[in-house]
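Descriptive analysis of the structure
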Amino acid sequence: NSFVARTNTCGELRSAHVGREVTLYGWIQYQRHGLFLVLRDFQGLTQIIIPQDEAHSHVKELLSNAPVESVVRVTGIVSPRPPGQENPKMLTGDIEVKAETAEVLNSCKRLPFEIKDFIKKSEALRMQYRYLDLRSFQLQYNLRLRSQIVMRMREYLCNLHGFVDVETPTLFKRTPGGAKEFLVPSREAGKFYSLPQSPQQFKQLLMVGGLDRYFQVARCYRDEGSRPDRQPEFTQIDIEMSFVDQAGIQRLIEGLLQYSWPEERGSITTPFPSITYEEALADYGTDKPDTRFGMKIVDISDFLRRLDIQFVQNALSYPRGTVKAICIPQGVRYLKNKDLESLKESAKSQFNQEIMEIICRPGGSLKSLLTKFLGEKQQSELIKVLNMQVDDVVLLAAGEHKQVCSALGSLRLESADLLEAAGLVLRDPTAFHFLWVVDFPLFLPKEENPSELESAHHPFTAPHPSDTSLLYSDPTKVRSQHYDLVLNGNEVGGGSIRIHSAEQQRFVLEKVLKEDSEVLSHLLEALEFGAPPHGGIALGLDRLISLIVDAPSIRDVIAFPKSFRGRDLMGNAPDYVTPEELEPYHIQVSWPLAEKEAKKN
């Protein structure tokens with residue numbers, strides 16, 4: 001309080017302060033019949049007794065008539081609460097302040113919603129009046145915790161490990177591959193800047209420049225349109241190191257998270273477990289597995305291969321044909337028929353994958369379309385292979401490996417949601433399961449044109465040392481030195497060891513990805529001037545914090561977020577500009593198209 005006029009905050013007064021005169025500033029959270037009010041500031045709540053005697057009638061009138069959420073100054077004496085009136089739910093619940101003088105610093109007009117965490121408000125209204133929403137306890141807690149975690153990360157990286165905090169440019173040029181970038185017009189006709197989707201090139205150039213260890217709390221931008229839980233601007237903890245390998249980066253990040261982890265969330269154990277991309281896909285159907293619960297995908301191809309079942313034989317005739325299943329524990333008890341139908345419909349609509357169900361009845365018999373092909377002994381063997389218990393439901397899929405795994409991985413998560421909604425606890429909400437996923441493919445076929453390749457991570461990722469020769473003969477088989485960090489089924493970080501040879505980088509860009517390497521001539525030239533081996537990672541700060549505080553959306557850990565359509569509902573951005581303002585940038589708006597877009601939004 002040394003910089004401000006108050007003597008104390010609203011959250012710090014205790015019985016030890018009884019008898020003291022204090023001055024508090026804050027917002028009126030609650031007022032009752034002109035008898036008392038509750039004053040709130042960033043640190044907590046204090047009960048203020050409104051004087052009832054004639055000598056203080058002006059104070060009574062002032063405080064009784066001030067609307068809720070008005071800002072006031074109160075000076076008074078700290079007193080113990082009368083016996084039996086203590087409030088153990090308030091940190092200041094043993095005392096109250098008897099007001100002697102008061103001043104309304106700013107009156108509050110009628111509120112669009114009550115500033116209480118338990119009051120339901122539409123998200124659009126909360127974002128329109130974000131400055132009011134920020135007064136809620138939960139958002140205050142989220143933003144303060146975020147600040148503390150970032151501060152601890154800075155300490156760990158700069159003070160303990162010699163990293164240099166460098167700010168990199170926001171105005172740059174288009175990067176080939178990756179997410180779509182926002183364009184910023186320049187005064188040179190036809191020329192545009194791009195807002196970087198990450199400081200990727202700059203952090204590599206800093207390594208060429210000999211900085212050795214770089215980090216930045218970096219603002220990044222991606223024009224991804226309407227994505228429910230993404231933001232067009234977001235924050236990364238961006239890191240790059242020279243003379244490092246994959247294991248070194250992983251150890252650094254494990255130490256960083258352990259050092260900055262909030263005490264109230266328990267401790268985290270290192271080293272984090274690690275699995276390959278192929279293992280993640282085979283066991284969980286996704287490259288970001290939620291390992292807080294079981295229900296792993298089971299391969300039953302070998303068991304069914306010897307049976308003469310037409311759809312099984314058809315599936316196994318594919319180059320990577322397989323039959324796999326997941327077992328939903330107690331599915332008969334917790335899932336309704338409509339739930340099972342919706343799961344099957346989901347697999348059909350999203351993955352074009354047919355699903356067959358198998359139910360384990362009391363007595364150990366199976367109920368399924370499959371049972372007409374199975375004798376009693378084979379049914380018992382299948383129960384053993386799938387580790388089925390009475391009332392379990394198995395979802396079975398047959399077809400091409402990746403499609404089957406992806407469909408079952410999605411059903412695994414959907415059925416977990418359904419089980420938990422019905423009352424079965426599968427995932428401990430207080431548990432934090434970190435996991436490294438490694439050995440990703442370096443390239444993937446493009447969705448729109450599978451005969452062409454694109455980078456699975458980005459074009460600067462180095463091939464796995466064992467697969468370097470394959471880069472020139474069969475690039476589709478090359479594994480990368482790319483690693484993702486997953487927390488509770490969410491990707492919270494991703495990085496790689498980089499290509500530091502100009503020749504190899506040019507080959508990847510021109511021959512494999514068929515990109516114009518001229519766009520990256522500055523980077524390619526830099527790699528020719530003695531670039532050290534280097535690698536790095538970026539942690540998604542918004543996503544990480546939202547998981548730590550168990551927020552329903554990343555918007556709840558960002559002070560001023562955009563809506564899922566990328567709009568700022570408070571300031572009404574983006575907004576129109578006049579033709580005169582556009583003139584220096586040599587831009588004209590095609591108005592019929594703009595009006596069509598405005599109607600759509």
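Note that residues are indexed from 1 along each chain, following the sequence as it is written. Local features in this predicted model are restricted to residues of pLDDT 70 or higher, and side-chain atom pairs are both shown and tallied only at a pLDDT of 80 or more, whereas totals for entire chains, interfaces and linings draw on every residue. Side-chain numbers here rest on the full set of heavy atoms in the structure, without hydrogens or water.

Moving on: the overall build of the chain. Secondary structure follows DSSP: runs of H or I at least 4 residues long count as helices, runs of E at least 2 residues long count as strands, and numbering of each begins at the N terminus. Scanning the chain from N- to C-terminus turns up 19 helices and 22 strands. The buried share of the chain, taken over its 601 residues, is 46%. Counted over contacts in the chain with a minimum sequence separation of 6, partners at least 24 positions apart contribute 67%. Every accessible area reported is derived by Shrake-Rupley at a probe size of 1.4 Å, with residue values counting cover from the shown protein chains alone. With the model as given, the accessible surface of the chain reaches about 30,900 Å², and the carbon-plus-sulfur share is 52%. The charge count includes Lys and Arg as positive and Asp and Glu as negative, but it does not include His or the ends of the chains. For the purpose of locating charges, the reference atoms are NZ of Lys, CZ of Arg, CG of Asp and CD of Glu. Side chains of the chain give 70 positive and 80 negative charges; the mean places of these two sets differ by 4 Å. Exposed residues in this analysis have more than 50% of their type's maximum accessible area, buried residues have under 20%, and partly exposed residues fall in between, with area computed by a 1.4 Å probe over protein chains only. Throughout, a residue-residue contact means that at least one pair of heavy atoms, one from each residue, lies within 4.5 Å.

Take the packing of aromatic side chains next. Centre distance within 6.5 Å is the pairing criterion for rings of Phe, Tyr and Trp, where only the six-membered ring of Trp is used; planes under 30 degrees apart are then read as stacked, over 60 as edge-to-face, and the remainder as tilted. Scanning all chains against the criterion turns up eleven aromatic pairs. Ring geometry for Tyr129 and Tyr131: centres 6.2 Å apart, planes at 80°, overall edge-to-face. Joined through ring pairs, the aromatic side chains of Trp261, Phe272, Phe432 and Phe434 make up one cluster. Placement of a charge over a ring requires the Lys NZ or Arg CZ to be within 6 Å of the ring centre, with the centre-to-atom vector within 35 degrees of the ring normal. When the ring centre of Tyr259 is taken as origin, the NZ or CZ atom of Arg152, which lies over that ring, is 4.0 Å away. Above the ring of Phe293, the side-chain terminus of Arg427 is found at 5.5 Å from the ring centroid.

A cluster of nonpolar side chains, Tyr131, Phe560 and Met570, forms an exposed patch at the surface whose accessible area comes to about 300 Å². Classification of Phe560 by relative accessible area gives partly exposed; the value is 47%. Patch building starts from residues that exceed 30% relative accessible area and form no salt bridge, then joins like charges within 9 Å and nonpolar side chains (Val, Leu, Ile, Met, Phe, Trp, Tyr) within 5 Å. What counts as a salt bridge is simple: a side-chain nitrogen of Lys or Arg found within 4 Å of a carboxyl oxygen of Asp or Glu.

In the structure shown here, the tally under the stated rule is 34 salt bridges. As a salt-bridge pair, Glu114 and Lys116 come within 3.2 Å of each other at their nearest N and O atoms. Judged by relative accessible area, which is 24%, Lys116 ranks as partly exposed. One salt bridge connects Lys344 with Glu341, and the closest N-O pair in it is separated by 3.5 Å. Of the two residues, Lys344 and Glu341 both sit in helix H11 (residues 337–351), three residues apart, roughly one turn of that helix.

The antiparallel open sheet is built from five strands, whose spatial order is S12-S13-S16-S14-S15. Two strands in the sheet have a free side with no partner beyond their single neighbour: strand S12 (298–299) and strand S15 (366–367). The pairing criterion for strands is at least two bridges between them, as found by DSSP. Summarising the sheet, strand S14 (residues 356–360) and strand S16 (residues 393–400) pair through four bridges and their orientation is antiparallel. By the bridge assignment, Glu357 is partnered in S16 with Leu395. To get an axis, a line is fitted to the C-alpha atoms, and for a helix only the part in contact is used. The angle between two axes follows their N-to-C directions and goes from 0 to 180 degrees. Sheet contacts for helix H13 (residues 401–421): strand S13 (321–328) and S16; angle to S13, the most-contacted strand, approximately 5°.

This part is about the nonpolar core. Nonpolar side chains in soluble globular proteins generally cluster together in the buried interior. The nonpolar core is taken to be a set of buried Ala, Val, Leu, Ile, Met, Phe, Trp, Tyr and Cys residues, with the residues joined through side-chain atoms within 4.5 Å. Counting 50 residues, the largest nonpolar core has Ile239, Ile253, Leu257 and Leu485 as the members making the most contacts within it. Among the elements that make up this core, the one with the highest residue count is helix H4 (residues 137–161) (six residues). Those residues in contact with Ile253, other than ones at most four positions away along the chain, are Ile239, Trp436, Leu485, Ile537 and Leu539. In terms of nonpolar packing, the next biggest core, distinct from the first, is built from 22 residues, Leu304, Leu366, Leu374 and Leu382 among them.

Turning our eyes to something else, we now look at the environment of Arg213. Summarising the element assignment, Arg213 is placed in strand S9 (residues 213–221). Sequence separation of Arg213 and Arg565 is 352 residues, and the distance between their C-alpha atoms is 37 Å. With residues near it in sequence (within four places) discarded, Arg213 still touches His161, Gly162, Phe163, Val164, Met207, Glu240 and Met241.

The next thing to look at is the environment of Ile537. By the element assignment, Ile537 lies in strand S22 (residues 534–540). As for Ile537 and Asp238, which are separated by 299 residues in sequence, their C-alpha atoms are 6.3 Å apart. Sequence-distant contacts of Ile537, that is, excluding residues within four places in its chain, are made with Lys203, Ile237, Asp238, Ile239, Ile249, Ile253, Trp436, Tyr483, Gly494, Gly495 and Arg498.

Two elements in contact, helix H7 (residues 277–284) and H13, have axes whose closest approach is 7 Å; the angle formed by their N-to-C orientations is 60°. By the angle between their axes, H7 is oblique relative to H13. Contacts from Tyr277, Glu278, Leu281, Ala282 and Tyr284 in H7 reach His401, Lys402, Cys405, Ser406, Gly409 and Arg412 in H13. For the contact of H7 with H13, the residue count by class is five nonpolar, three polar and three charged. Comment on the angle field: the value is read as roughly parallel under 35 degrees, roughly antiparallel over 145, roughly perpendicular from 65 to 115, and oblique elsewhere. Nonpolar residues are Ala, Val, Leu, Ile, Met, Phe, Trp, Tyr, Cys and Pro. Charged residues are Asp, Glu, Lys and Arg, and all others, Gly as well, are polar.

Turning to the domain arrangement of the chain, a few remarks are in order. Domain start and end points were adopted from an automatic or database domain assignment. Its domain assignment divides the chain into domain 1 (15–106), domain 2 (140–275 + 433–557) and domain 3 (293–422). Here the C-alpha centroids of domain 1 and domain 2 sit 51 Å apart.

Once that is clear, we can look at the side chain of Glu357. Counting through the fold element by element, Glu357 comes out in strand S14. As used in this structure description, the phrase polar contact means that two N or O atoms lie within 3.5 Å; if the pair is within protein, one of them must be able to donate a hydrogen and the other to accept it, and residues adjacent in sequence are counted only when both atoms belong to side chains. At 2.7 Å, the side chain of Glu357 forms a polar contact with the side chain of Lys344. With residues near it in sequence (within four places) discarded, Glu357 still touches Leu340, Glu341, Lys344, Lys367, Ser368, Val394 and Leu395.

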